[in-house]
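# Summary of structural features
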There are 2 protein chains.
Amino acid sequence: MVNVAILGFGTVGSGVAEVIEKNGRHISEKVSNRIALKYILDVRDFPDSPFADRVIHDFSIIENDPTVGVVVETIGGATIAREFTRRALMAGKSVVTSNKELVATHGYEMMQLAKEKNVSYLFEASVGGGIPILKPIRTCLAANELTQITGILNGTTNYILTRMIRAGLSFEDALKEAQANGYAERNPAADIEGQDACRKICILASLSFGRQISPDQVPTEGITSITLADVDYARSAGMKIKLLGRAIRRESDDRVCAYVAPHLVSDESPLANVEGVFNAISVVGDAIGDVMFYGQGAGKMPTASAVVGDVMDAAKHMCYLKSNCWEQGGPDVVYSVEEVSSRWYARVAGTEPVAQARRLTAQQPEEESAWLTEASMTPGEVKALLSGREVRALYRVLDWKHVRRLSDIK
Amino acid sequence: MVNVAILGFGTVGSGVAEVIEKNGRHISEKVSNRIALKYILDVRDFPDSPFADRVIHDFSIIENDPTVGVVVETIGGATIAREFTRRALMAGKSVVTSNKELVATHGYEMMQLAKEKNVSYLFEASVGGGIPILKPIRTCLAANELTQITGILNGTTNYILTRMIRAGLSFEDALKEAQANGYAERNPAADIEGQDACRKICILASLSFGRQISPDQVPTEGITSITLADVDYARSAGMKIKLLGRAIRRESDDRVCAYVAPHLVSDESPLANVEGVFNAISVVGDAIGDVMFYGQGAGKMPTASAVVGDVMDAAKHMCYLKSNCWEQGGPDVVYSVEEVSSRWYARVAGTEPVAQARRLTAQQPEEESAWLTEASMTPGEVKALLSGREVRALYRVLDWKHVRRLSDIK
């Protein structure tokens, strides 16, 4: 028997309890061991919950109970969650989490502790909600040298952009609608300013390329300045605006550039058709070419599904799972986004031609114009090209054919 | 050190050798053990190959070499491959394969042998080429009760259909083009008649639902009777014709219906946008909702990538991996496709109305007409509806909204 303790009985935590209860028999069969929910730690009481009898308020009960083998951390943030995770690992318990902030910022530290104590630190649910992505990368794709990760990693922003594209809502109205529907929080900053996507691309990049890449190494731009004019111009070019997290390995020195920014994505790319709150992550490797993982990137039950999958893995092995880790980071891990070339979309004041660029036409005010550069260039080069112009929007175009997708069937 | 022997030096076998050579250092690091290619068994010699020194012709050398830990079977078919797999397992070697025919028909037998000998029998590459799908199902999604699998499982037929839809080629011309491009074999029967997809849905269904489902339990229809008229009518309804393998679990008695048949799929479904030789597999579970896996479903390097991923798994554990298995099959595992309801597309002689159906309009001869039923019905019911009419085509419509995808963003 493996006893489980859940820290934080919010949306994901309560989902985890429900999945363990509902599918308990099958889960225990698959693990060849009974998995039982013993404690739920929260500051609140839940007298009406079917799990009320398991709610406690003192972490040290869990810490000191040798029958607890796996601790599920669904508190979030990097303060209390960090302390409890440390203490649980120190006490010889495996920890499973959906906490992207903690993994992105202190993942290496937690893994080192887990290794020392020969227990696991697992976090499949921290990226892409229920979409299987971390484990497939480190097992099924393990024979590959990975070169690129590109993902729609945040459902809230993808919902807002989808509503701007499909229904012509302004950013502000789409955000309000997302809040009304429960897809955006009252304080939506972490989503719309890109931090959430930033944490996820950090985790994906660290796991794929082997060294910790931290949020402060990842230039991050959100979607707050995207207008309906940009949406229209993109449409006229057969593209959609998507917020992407990207990580690109440079072969020459094995460094990685990771960043988050809006991109224009061709309608023919599978990423363009990922709508609403769905997420999708494309992974490119030298043998596999391009694979994509698609599903609900958030939500109570999908995320709980991933957490419980990890609980089962931890319960089955009850030891340090080496493959689920990366090495220490440092400034020599990354290279600058200023060195990454791409084609660009620019919306500028005035209608005078922009050199080496094609003008886009859409039903927009005549005192401005939008352009798509013909060639691939660095941020410095495109800014030089636009010097002297008032730049109102400047976004990269995703080179999605890097893996020849569809190129063979024209 | 773990020595590997490859059986069959064809497309996939030589890809496996190349991946092991090219990424050998990283692969060995990840496994914490050196993986070395020791033998290649083939009837031919390969004097010009860099691997010429490892080619042998006598299987018993491998069988009797105690330093060989993992055997890669890329022979194909269910005769010699079956014998060599049995003998390798009996000799205490883990076996990794891309051989869908053998796994679909004799998977249970091989797993039992592997279990007896405490070695692994792994076959990620048998479904979806390089796309990670079997391992994610049995690990990341393990907390779910799975209910449905729907996949575009065969790249050849998807290429042919894509060319019919995009370029207006007839089935025959699209097939010829696929053969010229190396996407279809000279004898394309196993692809175009659906057997390849049938084997893959057998493997997916067996793994997902826990008991062996064999090809002879899976009604299979290929794409040979699909005409450009069907493609046009589908387009007029905002749909595309796709060959799908499906497996549906019935909750009441836990039985599964698996079948392969052409379906009309809404353009809004992510499956409709899977084009050319790409594959995609959608999995529905009670917690996760719907997830989709997408990538190149065949080809030398993608398939080799999956094989080597399994080799690494086998080398790391060197024991029987319990999760990668299912129980014995039998007639009580399945229920009949005759009990599965759906909406239907029918093309019939004459233009008299069909009850409870909406007529489709397209640029087609006037002596026939095409219809989409409004309601969901069984094959028996739709045939009763069409009784007295000459039915020229009858295909199911995929109910892709079973998981509410996109429904929230209209």
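Basis of the calculations
Residues numbered from 1 in each chain as written. Chains lettered and ligands numbered in written order. Predicted model: local features only at pLDDT ≥ 70, side-chain atom pairs only at ≥ 80, totals over all residues. Heavy atoms only, no water. Helix = DSSP H or I, 4+ residues; strand = E, 2+ residues; numbered from the N terminus. Rg over C-alpha atoms; globule rule 2.2 N^0.38 Å. Buried < 20%, exposed > 50% of the residue type's maximum accessible area, 1.4 Å probe, protein only. Contact = heavy atoms within 4.5 Å. Areas by Shrake-Rupley, 256 points an atom, 1.4 Å probe, with all protein chains shown as cover. Lys, Arg positive; Asp, Glu negative; His and termini not counted. Charge placed at Lys NZ, Arg CZ, Asp CG, Glu CD. Buried area = accessible area lost by both parts, 1.4 Å probe. Polar contact = N/O pair within 3.5 Å; in protein donor to acceptor, adjacent residues only side chain to side chain. Nonpolar A, V, L, I, M, F, W, Y, C, P; charged D, E, K, R; others polar. Pairing = 2+ DSSP bridges. 1 Å grid on protein atoms, 1.4 Å probe; cavity = no way out; pocket = protein on both sides within 12 Å on 5 of 7 lines; lining within 4 Å. Points joined across faces, edges and corners; volume = space filled by probe spheres on them. Expected span 1.5 Å × (residues − 1). Phe/Tyr/Trp six-rings, centres within 6.5 Å; stacked < 30°, edge-to-face > 60°. Least-squares fit on C-alpha atoms with pLDDT ≥ 70 in both. Core = buried A, V, L, I, M, F, W, Y, C linked by side-chain atoms within 4.5 Å. Salt bridge = Lys/Arg side-chain N within 4 Å of Asp/Glu carboxyl O. Axes fitted to C-alpha atoms, helices over the stretch in contact; angles between N-to-C directions. pLDDT = per-residue confidence, 0-100. Right-handed = clockwise from strand over helix to strand, strands pointing away. Parallel < 35°, antiparallel > 145°, perpendicular 65-115°, else oblique. Left-handed = near helix turned anticlockwise from the far one by under 90°.

The next thing to look at is the overall build of chain A. The helix and strand inventory of chain A stands at 13 helices and 15 strands. Over its C-alpha trace chain A gives a radius of gyration of 23 Å, about what one expects of a compact globule, namely 22 Å for 410 residues. On the principal axes, the C-alpha backbone points of chain A span a range of 75 × 50 × 40 Å. Counting the 410 residues in chain A, one finds 63% classified as buried. In chain A, once contacts between residues fewer than 6 apart in sequence are set aside, the share between residues at least 24 apart is 72%. Surface exposure of chain A reaches about 14,900 Å², of which carbon and sulfur atoms provide 48%. One finds the centroid of the 45 positive side-chain charges in chain A at a distance of 4 Å from the centroid of its 51 negative side-chain charges.

Taken together, the contact between chain B and chain A spans 59 residues of the former and 60 residues of the latter. Buried area between chain B and chain A, summed over both chains or domains, comes out near 4,800 Å², and the portion from carbon and sulfur atoms is 53%. Taken together, the connections running from chain B to chain A amount to 16 residue pairs in polar contact (both at pLDDT 80 or more). Mapped onto the side of chain B that touches chain A, the elements with two or more residues apiece are α1 (11-22), α2 (24-31), α6 (134-138), α7 (155-167), β11 (289-296) and α12 (300-317) of chain B. Top contributing element to the side of chain B that touches chain A by residue count: β11(B), with eight residues. Residue classes in the side of chain B that touches chain A are distributed as 26 nonpolar, 15 polar and 18 charged. In this structure, strand β11 (residues 289-296) of chain A lies alongside β11(B), joined through five bridges in antiparallel fashion.

Once that is clear, we can look at the layout of surface pockets. Any empty space left between atoms is shown by rolling a water-sized probe over those atoms. Residue and element names in this part refer to chain B. There is about 1,400 Å³ of room inside the largest pocket. Every element with two or more residues in the lining of the largest pocket is listed here: α1, α4 (80-90), α5 (100-117), α7, α9 (189-192), α10 (195-209) and α12. Among the residues making up the lining of the largest pocket, the classes are represented as 13 nonpolar, 23 polar and nine charged.

In this section: helix α1 (residues 11-22) of chain A. All names here are of chain A. Relative to the 16 Å expected for twelve residues at 1.5 Å per residue, α1 spans 16 Å between its end C-alpha atoms, a close match to the ideal helical length. Among the residues of α1, V12, G13, S14, G15, V16, A17, V19 and I20 are the ones counted as buried. The inward-facing, buried residues of α1 abut β1 (2-7), α2 (24-31), β2 (35-41), β4 (68-73) and α12 (300-317).

Turning our eyes to something else, we now look at the packing of aromatic side chains. All names here are of chain B. Per the stated rule, a full pass over the model turns up 17 aromatic pairs over all chains. Plain terms: the ring middles of F123 and W326 are 5.6 Å apart, the flat faces sit at 65° to each other, and that makes the pair edge-to-face. Placement of F123 in the loop between β6 (121-122) and α6 and of W326 in the loop between α12 and β12 (343-349) is noted, with a sequence separation of 203 residues between them. For the residue pair F123 and W326, the accessibility class agrees, reading buried in each case.

On inspection of all chains with the given rule, the structure shows six cavities of 30 Å³ or more. Of the pockets and cavities examined, the largest cavity occupies roughly 90 Å³. Lining the largest cavity, in full, are P270(A), N273(A), V274(A), M292(A), Y294(A), P270(B), N273(B), V274(B), M292(B) and Y294(B). Breaking the lining of the largest cavity down by element, the ones donating at least two residues are β11 of chain A together with β11 of chain B.

A few words on the environment of L394(A). By the element assignment, L394(A) lies in strand β15 (residues 391-397). Among all residues touching L394(A), those that are not within four sequence positions of it are W344(A), Y345(A), A346(A), V382(A), K383(A) and L386(A).

Further remarks concern the relation of the copies chain B and chain A. Expressed as a screw operation, the relation of chain B to chain A combines 0.0 Å of axial shift with a rotation of 180°, fitting to an RMSD of 0.0 Å. One copy is carried onto the other by what is essentially a two-fold rotation axis. Closest approach to the rotation axis within chain B is made by the C-alpha atom of F293(B), at a distance of 2.5 Å. Residue by residue, 100% of the interface of chain B is reproduced at the interface of chain A, so both copies engage with the same surface.

With 182 residues, the main nonpolar core has I62(A), L204(A), V283(A), I62(B), L204(B) and V283(B) as its most contacted residues. With sequence-adjacent residues up to four places away left out, I62(B) is seen in contact with A5(B), L7(B), Y39(B), L41(B), I56(B), V68(B), V71(B) and K93(B).

Turning our attention to the pattern of salt bridges. Residues and elements named next belong to chain A. The tally for this structure, following the rule as stated, stands at 62 salt bridges over all chains. With a shortest N-O distance of 3.2 Å, E368 and R347 are connected by a salt bridge. Of this pair, E368 sits in strand β14 (residues 368-373) while R347 sits in strand β12 (residues 343-349), placing them 21 residues apart in sequence. Taken as a pair, E368 and R347 share a single burial class, namely buried. Each of the salt bridges in this network shares a partner with another, and the network as a whole consists of D230, R347, E368, E390 and R392.

All names here are of chain A. By secondary structure assignment, the location of I223 is in the loop between α10 (195-209) and α11 (228-236). Put simply, I223 and I160 are 63 residues apart on the chain and 9.0 Å apart in space, counted from C-alpha to C-alpha. Sequence-distant contacts of I223, defined by excluding residues within four places in its chain, comprise T157, I160, L161, F171, I192 and L243.

Attention now moves to the sheet that holds strand β2 (residues 35-41) of chain B. Taken in spatial order, the six strands line up as β3-β2-β1-β4-β5-β6 (chain B) in an open sheet, and their pairing is parallel. Looking at strand neighbours, the two that pair on one side only are β3 (55-56) and β6 of chain B, the edges of this open sheet.

What follows concerns the sheet that holds β1(A). Through backbone hydrogen bonds, the strands of a sheet pair up, either in parallel or in antiparallel fashion. All names here are of chain A. Read from one edge of the open sheet, six strands run β3-β2-β1-β4-β5-β6, paired in parallel fashion. Looking at strand neighbours, the two that pair on one side only are β3 (55-56) and β6 (121-122), the edges of this open sheet. When β1 meets β4, the two strands line up parallel, connected through five bridges. Pairing of N3 across the sheet is with V68, part of β4. Packed on one face of the sheet, α1 meets β1, β2 and β4 and runs near 155° to β1.

Here we take up the confidence of the model for chain A. All names here are of chain A. Averaged over chain A, the pLDDT score is 94; the fraction of residues at 70 or greater is 97%. Scored below 50 in pLDDT, residues 403-410 shows 28 contacts in the model against residues more than four places distant or in partner chains. Scored as a complex, the prediction yields pTM 0.92 and ipTM 0.89.

Remember that side chains alternate between the two faces of the sheet whenever the strand is regular. All names here are of chain A. Of the two faces of strand β5 (residues 94-97), the one lined by S94 and V96 and the one lined by V95 and T97 are each fully buried. Bridging between β4 and β5 involves four bridges; their strand directions are parallel. Each residue of the ladder has a partner; that of V72, found in β5, is V96. For the handedness criterion, the β-α-β arrangement of β4, helix α4 (residues 80-90) and β5 is classed as right-handed. Where β5 lies against β6, two bridges are found, and the strand directions are parallel. Paired with V95 across the bridge in β6 is Y121.

Here we come to the packing of α7(B) against helix α8 (residues 171-180) of chain B. Residues and elements named next belong to chain B. Contact geometry of α7 with α8 gives a least axis separation of 9 Å together with a crossing angle of 125°. Our classification of the angle between α7 and α8 gives oblique. Handedness of the crossing formed by α7 with α8: right-handed. Contacts between α7 and α8 involve Y159, I160, R163 and M164 on the former and, on the latter, F171, A174, L175, E177 and A178. Each residue belonging to the contact of α7 with α8 can be placed in one class, and the counts come to seven nonpolar, no polar and two charged.

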